[in-house]
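Below, each chain spelled out in residue letters.
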Amino acid sequence: PELVAMGAKGVEALSQLFRLTRTLSEAQTIQELAIILHANLMETFNPAQCWLARCVEERSSLTFFDGQGVVVDAPEDAPKKIIESAFFRRSGMLWPRMSEGVMEAQVAAPMVVPEKRVGIIVLQSKPDQFFDLFDLEYLAALAHTAAPYVKTTLQAEQTQLSLTKLRKQWGL
């Protein structure tokens, strides 16, 4: 609804999100989802940095993915304070900041399904660009759109893992 209120630019963003849902629905693994999301974020926002992470419930931690869908350690340059703050919100957050005399911005949005956070997206602007309210709304809508796909894909992977364990256990 917030995007529609932003006129033609918002309607185009909703159209992009609709196309993204078709692509996300074809992903079979969390790695494929990470690749799709990363590519979409880089094309749409052209950020200096992009961090994607999914929530690992059993450890109450985040697992980060690079642009190739590979699980990586939490990047040292990831804005930990921003990730923590945004992760526990329902909507995205925008942080302008001055870095070496240049104005930059970080924008973050949690991926949330009803009463459950499944991940987070954080972007760092390039020194010559600045994220605005539209970018924040679009990123929040994108995270909201991606969240059910992340949840479903994680559940499918967990089910497959359990099935493999049972087959091993029963010698099948």
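Residue positions are counted from 1 within each chain, in the order its sequence is given. In keeping with the predicted nature of the model, local features appear solely for residues at pLDDT of at least 70, side-chain atom pairs appear and are counted solely at 80 or more, and the whole-chain, interface and lining totals rest on all residues. Working from all heavy atoms in the structure, the side-chain values ignore hydrogens and water.

### Some points on the overall build of the protein chain
- For the purposes of this entry, the term helix denotes a DSSP run of H or I that reaches at least four residues, the term strand denotes a run of E that reaches at least two, and both are numbered from the N terminus. Tallying secondary structure elements over the protein chain gives four helices and six strands in all.
- Counted from the first residue to the last, the protein chain has its helices and strands arranged as α-α-β-β-β-α-β-β-β-α.
- Judged by the C-alpha coordinates and their principal axes, the protein chain covers about 65 × 35 × 30 Å.
- Per-residue burial over the protein chain gives 43% buried out of 172 residues.
- Note on definitions: a residue-residue contact is assigned when non-hydrogen atoms from the two residues lie within 4.5 Å. For the protein chain, contacts bridging at least 24 residues in sequence account for 59% of all contacts bridging at least 6. Burial classes: relative accessible area under 20% of the type maximum marks a residue as buried, over 50% as exposed, and values in between as partly exposed (1.4 Å probe, protein chains only).

### Regarding the pattern of salt bridges
- For this analysis, a salt bridge means a side-chain nitrogen from Lys or Arg found within 4 Å of a carboxyl oxygen belonging to Asp or Glu. Considering all chains together, one arrives at one salt bridge under this definition.
- The salt bridge partner of Arg19 is Glu12, with a shortest N-O separation of 3.4 Å.
- A residue is classified by how much of its surface remains accessible, and Arg19, at 39% relative accessible area, is partly exposed.
- What makes Glu12 partly exposed here is its relative accessible area of 41%.

### A word on the sheet that holds strand 1 (residues 49-56)
- The criterion for strand pairing is that DSSP finds at least two bridges linking the strands in question. With antiparallel pairing, six strands are arranged side by side in an open sheet as 3-2-1-6-5-4. Every other strand in the sheet has two partners, leaving strand 3 (71-72) and strand 4 (93-99) as the edge strands with one partner each.
- Along the sheet face, helix 3 (residues 80-87) touches strand 1, strand 2 (61-65), strand 4, strand 5 (102-113) and strand 6 (116-124) and points at about 140° away from the line of strand 6.
- Each of strand 1, strand 4, strand 5 and strand 6 is contacted by helix 4 (residues 133-169), which is oriented at about 35° to strand 5, the strand it contacts most. Note on definitions: angles span 0 to 180 degrees between N-to-C directions of axes, and those axes are lines fitted to C-alpha atoms, for helices only across the stretch in contact.

### Some details on the packing of aromatic side chains
- Planes of paired rings set the category: under 30 degrees apart is stacked, over 60 is edge-to-face and the rest tilted, where pairs are Phe, Tyr or Trp rings (Trp by its six-membered ring) whose centres lie within 6.5 Å. A complete count under the given rule lists three aromatic pairs for this structure.
- Ring plane angle 50° and centroid distance 5.7 Å describe the contact between Phe45 and Tyr138, whose orientation is recorded as tilted. Taken together, the residues Phe45 in helix 2 (residues 30-45) and Tyr138 in helix 4 connect sequence positions 93 residues apart. The same class applies to Phe45 and to Tyr138, which are both buried.
- Ring geometry for Phe134 against Tyr138: centres 6.4 Å apart, planes inclined by 15°, an arrangement best described as stacked. Of this pair, Phe134 and Tyr138 both sit in helix 4, four residues apart, which is roughly one turn of the helix. Here the two residues Phe134 and Tyr138 agree in accessibility, since each one is buried.
- In textbook terms, an aromatic cluster arises when at least three aromatic residues are bridged by ring pairs, as seen for Phe45, Phe131, Phe134 and Tyr138.

### So, the state of the cysteines
- Disulfide: a pair of cysteine sulfur atoms within 2.5 Å of each other. As enumerated under the stated definition, the model contains zero disulfides in all.
- Just so you know, Cys50 is unpaired, no disulfide at all, and the nearest cysteine sulfur is the one on Cys55, 18 Å from it.
- Among the residues examined, Cys50 registers a relative accessible area of 12% and is labelled buried.

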